[in-house]
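# Topology and contacts: notes
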Amino acid sequence: MRNTAARTGDDLGRRTLLTYGIFAIGGLIAAAIGIPAIGSFVLPTLRSGKTNFVPAGTTNDFAVGQPKKSEVTVTKRDGWLELRQKKSVWVVRKSNTDFTVFNGTCVHLGCAFSWQPGQSEFICPCHGGRYSIDGKVLGGPPPRPLDTLNWRIDGNNLLVEYQDYRQGVPSKEAV
Amino acid sequence: MASSRQSQADRLRATGAWLAERSGALPVWNAIFARKMPVGVGIWYSFGFSLIFCFTLQAVTGIFLAVYYVPTPDYAYASIQYIMLEVPFGAVVRGLHHWGASAMVVLTFIHMAVAFVYGAYKFPRELTWMVGVVLLVLVLAFGFTGYLLPWDEKAYWATQVGTAIPGTLPVLGDIAVRVMRGGTELGALTLSRFFSFHVLLLPALLGGLVLVHLFLVVYHGVSAPPHIWERGIPLPKRFFDTKSVPAPSFSRGQEYHDRYAELKKDGKTFWPYNTFEDMLLAVLALFAIYGMFMLFGVPLEAKADPTNTAYIPRPDWYFLFLFELLKYFPGSLEWVGAGVLPPLALFALLFLPLYDRSPWRSIRRRPLALILGILAVVVIAFLTYQGAIS
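Each chain has its residues counted from 1, following the order in which its sequence is written. Chains and ligands are labelled by the order in which they are written, letters from A for the one and numbers from 1 for the other. It should be noted that, the model being predicted, local features are given only for residues of pLDDT at least 70 and side-chain atom pairs only at 80 or more, the latter also being counted only at that level, while totals for whole chains, interfaces and linings use all residues. Note that water and hydrogens are dropped before the side-chain values are worked out from all heavy atoms of the structure.

## A look at the overall build of chain A
What counts is decided by this rule: Helical segments are the DSSP runs of H or I of at least four residues, strand segments are the runs of E of at least two, and each set is numbered from the N terminus. Only C-alpha atoms enter the radius of gyration, while the globule expectation follows 2.2 Å times N to the 0.38, with N the number of residues. Accessibility here uses a 1.4 Å probe with only protein chains present; expressed as a share of the type maximum, an area under 20% marks a residue as buried, one over 50% as exposed, and anything in between as partly exposed. Any two residues having at least one pair of non-hydrogen atoms within 4.5 Å are treated as being in contact.
Counting secondary structure elements, chain A contains one helix and ten strands. Its helices and strands taken in sequence order, chain A reads α-β-β-β-β-β-β-β-β-β-β from the N to the C terminus. Compactness check: chain A gives a C-alpha radius of gyration of 28 Å against a globular reference of 16 Å for 175 residues, more than 25% above the reference. With the C-alpha coordinates aligned to their principal axes, the bounding extent of chain A is approximately 95 × 35 × 20 Å. By the burial criterion, 39% of the 175 residues in chain A qualify as buried. Looking at chain A alone, contacts between residues at least 24 apart form 44% of all its contacts between residues at least 6 apart.

## Some remarks on a negative patch on the surface
Note the threshold: Patch rule: a residue counts if its relative accessible area is over 30% and it has no salt bridge; like charges are joined within 9 Å, and nonpolar side chains (Val, Leu, Ile, Met, Phe, Trp, Tyr) within 5 Å. For the accessible areas, the method is Shrake-Rupley and the probe is 1.4 Å, while residue cover comes only from the protein chains on display. Put simply, a salt bridge is a Lys or Arg side-chain nitrogen that is within 4 Å of an Asp or Glu carboxyl oxygen. Asp and Glu count as negative and Lys and Arg as positive, but His and the ends of the chain are not part of the count. To locate a charge, take NZ of a lysine, CZ of an arginine, CG of an aspartate or CD of a glutamate.
A contiguous patch of negative charge on the surface is contributed by E255, D258, E262 and D266 of chain B. Here D266 of chain B shows up in the loop between α11 (253-265) and α12 (270-296).

## Some remarks on the pattern of salt bridges
Note that side chains of opposite charge can pair when their charged atoms are close. Residue and element names in this part refer to chain A. On inspection of all chains with the given rule, the structure shows 14 salt bridges over all chains. The partner of R166 in a salt bridge is E173, and the shortest N-O contact between them spans 3.2 Å. We classify R166 as buried; its relative accessible area is 10%. For E173, a relative accessible area of 29% translates into the label partly exposed.

## Some details on the state of the cysteines
Residue and element names in this part refer to chain A. Defined as follows: Throughout, disulfides are identified as pairs of cysteine sulfur atoms within 2.5 Å of each other.
Applying the stated criterion to the full structure yields one disulfide over all chains. Note that C111 is cross-linked by a disulfide to C126, the S-S spacing being 2.0 Å. On the sign convention where negative means left-handed, the S-S torsion of about -100° between C111 and C126 marks this disulfide as left-handed. Taken as a pair, C111 in the loop between β4 (99-103) and β5 (114-116) and C126 in the loop between β6 (121-123) and β7 (130-131) lie far apart in primary sequence, 15 residues in all. Each member of the pair, C111 together with C126, is buried. No disulfide involves C106; its nearest neighbouring cysteine sulfur is the one of C124, lying 3.7 Å away.

## Topic: the packing of aromatic side chains
Both the distance between ring centres and the angle between the ring planes are used here to describe each pair of aromatic rings. Spelled out, the test is: Only Phe, Tyr and Trp rings take part, Trp by its six-membered ring, and two of them pair if their centres are within 6.5 Å. Stacked means planes under 30 degrees apart, edge-to-face means over 60, and tilted covers everything else. A positively charged side chain is recorded as over a ring if its NZ (Lys) or CZ (Arg) lies within 6 Å of the ring centre. The angle to the ring normal must also be within 35 degrees.
Enumeration according to the criterion identifies 34 aromatic pairs over all chains in this entry. When the centroid spacing of 6.3 Å and the interplanar angle of 85° are considered together, the rings of F62 of chain A and F99 of chain A count as edge-to-face. Highlighted residues: F62 of chain A in the loop between β1 (53-58) and β2 (68-78) and F99 of chain A in strand β4, separated in sequence by 37 residues. A relative accessible area of 3% means that F99 of chain A is categorised as buried. Taken together, a centroid distance of 5.9 Å and an interplanar angle of 50° make the contact between F113 of chain A and Y131 of chain A tilted. Within this pair, whereas F113 of chain A is found in the loop between β4 and β5, its partner Y131 of chain A is found in strand β7, the two being separated by 18 residues in sequence. In terms of burial, F113 of chain A and Y131 of chain A fall into one category: buried. Each member of the aromatic cluster is reached from another via a ring pair, and the members are W90, F102, F113, W115, F122 and Y131 of chain A. The cationic tip of K68 of chain A hangs over the ring face of F62 of chain A; the distance from NZ or CZ to the ring centre is 5.7 Å. For the cation-ring pair, R125 of chain B lies above Y260 of chain B, with the distance from its terminal atom to the ring centre recorded as 5.4 Å.

## Remarks on the pairing of β4 of chain A
Residues and elements named next belong to chain A. Just so we agree on the cut-off: A pair of strands counts as paired when DSSP detects no fewer than two bridges linking them.
Counting buried residues in β4 gives five out of five residues, a clear majority hidden from the surface. Going residue by residue along β4, you find F99, V101 and N103 tucked away on one face and T100 and F102 tucked away on the opposite face as well. As defined by bridge partners, strand β3 (residues 81-93) adjoins β4 across five bridges and the pair is classed as antiparallel. For R93, the partnering residue across the bridge sits in β4 and is F99. Taking the residues that link successive antiparallel strands as the turn, the β3-β4 hairpin has five residues.

## Notes on the sheet that holds β5 of chain A
All names here are of chain A. In space, the four strands of this open sheet follow the order β5-β6-β7-β8, with antiparallel pairing throughout. Taken across any chain shown, the strands that pair with only one partner, and hence form the sheet edges, are β5 and β8 (137-139). Bridge count between β7 and β8: two bridges; the pairing is antiparallel. Paired with Y131 across the strands is V137, a residue of β8.

## Here we look at helix α14 (residues 334-350) of chain B
Residues and elements named next belong to chain B. Counted only if it meets this: Here a helix's expected span is defined as the number of its residues, less one, multiplied by 1.5 Å.
With 17 residues, α14 should reach 24 Å at 1.5 Å per residue; the first-to-last C-alpha distance of 24 Å fits that figure. Listing the buried residues of α14 in full gives E334, G337, A338 and L350. If you follow the buried residues of α14, they end up packed against α6 (126-146), α13 (320-325) and α15 (352-355).

## Observations concerning the interface of chain B and chain A
Formally: Simply put, the buried area is the total loss of 1.4 Å probe accessible area from both parts when two parts are fitted together. Ten residue types, Ala, Val, Leu, Ile, Met, Phe, Trp, Tyr, Cys and Pro, are classed as nonpolar, four, Asp, Glu, Lys and Arg, as charged, and the remainder, Gly among them, as polar.
Across the contact, 40 residues belong to chain B and 35 residues belong to chain A. Around 3,000 Å² of area is buried between chain B and chain A when both sides are counted, 59% of it from carbon and sulfur atoms. The tally of links between chain B and chain A comes to one salt bridge. Here K87 of chain A and E185 of chain B are joined by a salt bridge, their closest N and O atoms 2.7 Å apart. Among the elements that make up the side of chain B that touches chain A, the one with the highest residue count is helix α8 (residues 173-181) of chain B (six residues). Looking at the side of chain B that touches chain A residue by residue, the classes come out as 18 nonpolar, 14 polar and eight charged.

Shown next as structure tokens:
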């Protein structure tokens, strides 16, 4: 049993006020430190990068109906580093003037898939995702077809607008 | 001569007494080391200390690794190579850190299994268990943030997959991946935040919660072994027979505390009996860690290459079961396997003391707990095995 008999009404009011004050000051301190700290941790991650067209080879590099991997060099800012990163794309030449270009990462969880000529399928080794030559899912866990990339022909060169997409979701969302 | 030695000894004793009084160490000693343990406490109670030992080992080796390690993609791998090839004992320090991590996971698992089988999570130690489950999550978080740091192929690709998993969750998936990676892609920002968590945030959290856990262990005392706790009540003739004897009256409340005090009266003190067993198990753990290092060395694959299409990522062995679990879910249900089942299992573990209200502690009188426990171990072992051979 706590002895409250000695406390007058004024004293109780003062104690209550001070208790509120303690929590108010505590909350103010938590917000003053927490908002910048967590903001610096979360907000920079919400920015999106810019894209531009980069060369993926000459049109003669690709034979009709035979998927071929091509490495494109993308200039990226990785935090404080300016990086020229190599990214893989798979180019499928459908006709003399028509191409399909796939982002080289599996739409499931981002592993690198590759074309298996024997099976005529794209296979991802991680979780067994399988895609047809036009990127449709044939089996395994991938939730959507392979991600196609924008391309254009400039003279003899195939240019690709490299872009990454969110992994593991049914819709194609640029990141 | 003899008298001067005598007076020296007296002076030493006086200094000791002064220190004991001024520092307040005596009550601490009495509360922790001179405390009595219930009858029958043996080596199975020593896994907690082995974990503290391993955590200390990880802290010490980690500090020395941090002397040389650089957490940025252009130098991380080179700095690890430097540790391995040029720093005297560098490979040993990294080897102890690498295998110490696996030892922590194994010991955590055994420690929890013992608490589970002994019903040690029951009254009054519910909170001790729940803090322990949070510690398990922190140990796994240490593993996850730690294996990116060498920036080799395994590090890069396993983290690539591991950080993509939360992205399958509806609504919050995208932001979860961005916050984990520090952006959309794995890179310098991922490495630095993983490093910061691994060496600053997680040790502080784990250290603090270990203190809470230990306080609770000392405050409530360790649980008595069930066969002694339920001594005098005849064991059922067959498994699953819970009806032949009435439930004990002392499973909770004042009756519990009375019986516990009685069992402590006949018990031994923590120092030196249990302390010796704790040290014994700790040194065995250290031998095992050294043994793994000498047998298998410490892996370092080629430097991470984001364009390598041939690399098949594998997480560390203790995440294989989660990795394998994903294969059982078609794409559209991925988020169930990734974002629903594991948290559900974790909550089931966390709140175990709150929904398991059986008054019995002996596993022979807890058929449901026994079956579910074995099932959980079999499923995890099966998935781990499948993940290892696939």
